[in-house]
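A structural walkthrough
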Amino acid sequence: MTLNIASTAFAGTFKDTSGFRSMSRKHQLEYMAKLKGAEQQARDKKDSAAALGFGLFNIWLCGLAMNNDELMNEIQPVLATLSREADAIQSAL
């Protein structure tokens, strides 16, 4: 579910991937540092699932920032699957 939260926040901030890519490297790294901070807070609270979600989303952001198509092709299907599973769990609750 953390992936969906991070994705929604990303879309609210940048609208789409081109919005993130058009930002300066400094701003991209600042945004990624915020996610890393959220990941660490989740770890501190012993919420390993949330920490994993933030970490995976940050990996996606790294691929996006570096225009690394190979990484993007590897991680996007994983994130999409986890997002769908979270949606299914959320709707069942």
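Scroll up to find the structure.
Everything numeric in this text was worked out from a predicted model, so none of it was measured.

Rules of the game
Position numbers for residues start from 1 in each chain and track the written sequence from start to end. Local features in this predicted model are restricted to residues whose pLDDT is 70 or higher, and side-chain atom pairs enter the listing and the counts only when it is 80 or higher, whereas totals over whole chains, interfaces and linings include all residues. The basis for every side-chain value is the complete set of non-hydrogen atoms in the structure, without hydrogens or water. Any two rings among Phe, Tyr and Trp, with Trp reduced to its six-membered ring, count as a pair given centres within 6.5 Å; such a pair is stacked if its planes are under 30 degrees apart, edge-to-face if over 60, and tilted if neither. For helices the rule is a DSSP run of H or I covering at least 4 residues; for strands it is a run of E covering at least 2, with both sets numbered from the N terminus onward. When a residue's accessible area, from a 1.4 Å probe over protein chains only, is under 20% of the maximum for its type it is buried; when over 50% it is exposed; and in between it is partly exposed. Only protein atoms enter the 1 Å grid used here. Points where a 1.4 Å probe fits but cannot escape make up a cavity, open sets with protein on both sides within 12 Å along at least five of seven lines make up a pocket, and a residue lines them when an atom lies within 4 Å of a point. Grid points are joined across faces, edges and corners, and a volume is the space filled by probe spheres set on the points. Under the grouping applied here, Gly and all other residues not named as nonpolar or charged are polar, the nonpolar ones being Ala, Val, Leu, Ile, Met, Phe, Trp, Tyr, Cys and Pro and the charged ones Asp, Glu, Lys and Arg.

Using the criterion set out here, one finds 9 aromatic pairs in the structure. With a centroid separation of 5.1 Å and 45° between ring planes, the pair formed by F10 and F14 is classed as tilted. Placement of the pair is F10 and F14 together in helix α1 (residues 2-14), with a separation of 4 residues, close to one helical turn. Taken as a pair, F10 and F14 share a single burial class, namely buried. For the ring pair F14 and F20, a centre distance of 5.2 Å and an interplane angle of 85° mean the geometry is edge-to-face. The class of F20 is buried, set by a relative accessible area of 0%. Taken together through their ring pairs, the aromatic side chains of F10, F14, F20, Y31, F57 and W60 make up a single cluster.

Before going further, it helps to spend a moment on the layout of surface pockets. Estimated volume of the largest pocket: approximately 240 Å³. Every residue lining the largest pocket is counted, 14 residues in all, and those nearest its centre are M1, T2, A49, L82 and A86. At the level of secondary structure, the elements contributing two or more residues to the lining of the largest pocket comprise α1, α4 (48-65) and α5 (69-92). Considered class by class, the residues forming the lining of the largest pocket number 9 nonpolar, 3 polar and 2 charged. Looking at the second largest pocket, its volume works out to about 160 Å³. As for the second largest pocket, its lining consists of L3, N4, S7, F10, F57, W60, Q76, L79, A80 and S83. Where the lining of the second largest pocket is concerned, the elements lending two or more residues are α1, α4 and α5. Taken together, the residues that form the lining of the second largest pocket break down as 6 nonpolar, 4 polar and no charged.

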